[in-house]
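Residues per chain are reported as follows:
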Amino acid sequence: QVQLVESGGGLVQAGDSLRLSCIVSGRTVSSNAMGWFRQAPGKEREFVAVITWSGGSTYYADSVKGRFTISRDNAKNTVYLQMNSLKPEDTAVYYCAASAYSGTYYLKRRRNYDYWGQGTQVTVSS
């Protein structure tokens, strides 16, 4: 069983930065990649970024490319999402998730993630 715990959310102003963390426990060899998704009120949960445990390959949604950076610390079983130049439209609950899939086609899709954290709220005021 894989357990994920996010932290680091909060209330910030437009242009500010935040770093989210996701601690992974019980990780198995079947977990290939870690993704970040977000869900704004009244909207579907959407893909934000993903990173593979081995090799550290990354992929981002167009809406965050150049502003957000995903990284991982294998020794700490932790994945980070550094969010810079935040905008009000980035306001959402952010979730980390674990997937056994590989390839961006599959890793962009939330149905291909088996384990999810409880989420952390990010609110960006204008």
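For the structure given in this document, a descriptive report is provided here. Owing to the predicted nature of the structure, the values given are computational and were not obtained by experimental measurement.

Scoring rules and cut-offs
Residues numbered from 1 in each chain as written. Predicted model: local features only at pLDDT ≥ 70, side-chain atom pairs only at ≥ 80, totals over all residues. Heavy atoms only, no water. Pairing = 2+ DSSP bridges. Helix = DSSP H or I, 4+ residues; strand = E, 2+ residues; numbered from the N terminus. Axes fitted to C-alpha atoms, helices over the stretch in contact; angles between N-to-C directions. Disulfide = S-S within 2.5 Å. Buried < 20%, exposed > 50% of the residue type's maximum accessible area, 1.4 Å probe, protein only.

**Observations concerning the sheet that holds strand 1 (residues 3–7)**
Moving on, step 1. Pairing is antiparallel across the open sheet formed by four strands, whose spatial order is 1-3-8-7. Across the chains shown, the open sheet's two edge strands, defined by having one partner strand only, are strand 1 and strand 7 (68–73). If you compare each strand with its neighbour and ignore which way they point, the axes differ by 15° on average.
Moving on, step 2. Where strand 7 lies against strand 8 (residues 78–83), six bridges are found, and the strand directions are antiparallel. Within strand 8, the position partnered with Phe68 by the bridge is Met83.

**Some remarks on the state of the cysteines**
Moving on, step 1. Counted by the stated rule, this structure contains one disulfide.
Moving on, step 2. Across the disulfide from Cys22 sits Cys96; the S-S distance is 2.0 Å. Disulfide Cys22-Cys96: torsion about the S-S bond near 60°, hence right-handed. Placement of Cys22 in strand 3 (residues 18–25) and of Cys96 in strand 9 (residues 92–99) is noted, with a sequence separation of 74 residues between them. Like Cys22, the residue Cys96 is buried in the burial classification.

**Brief notes about the pairing of strand 4 (residues 33–39)**
Moving on, step 1. The buried count for strand 4 comes to six of seven residues, which makes it a mostly enclosed element.
Moving on, step 2. One ladder, built from six bridges, connects strand 4 with strand 5 (residues 46–52); its direction is antiparallel. Considered in strand 5, the bridge of Trp36 is made with Ala49.
Moving on, step 3. What sits between the antiparallel neighbours strand 4 and strand 5 is a turn of six residues, in which Gly42 has the positive phi angle 80°.

All quantities given are derived from atomic positions and should not be read as evidence of function.
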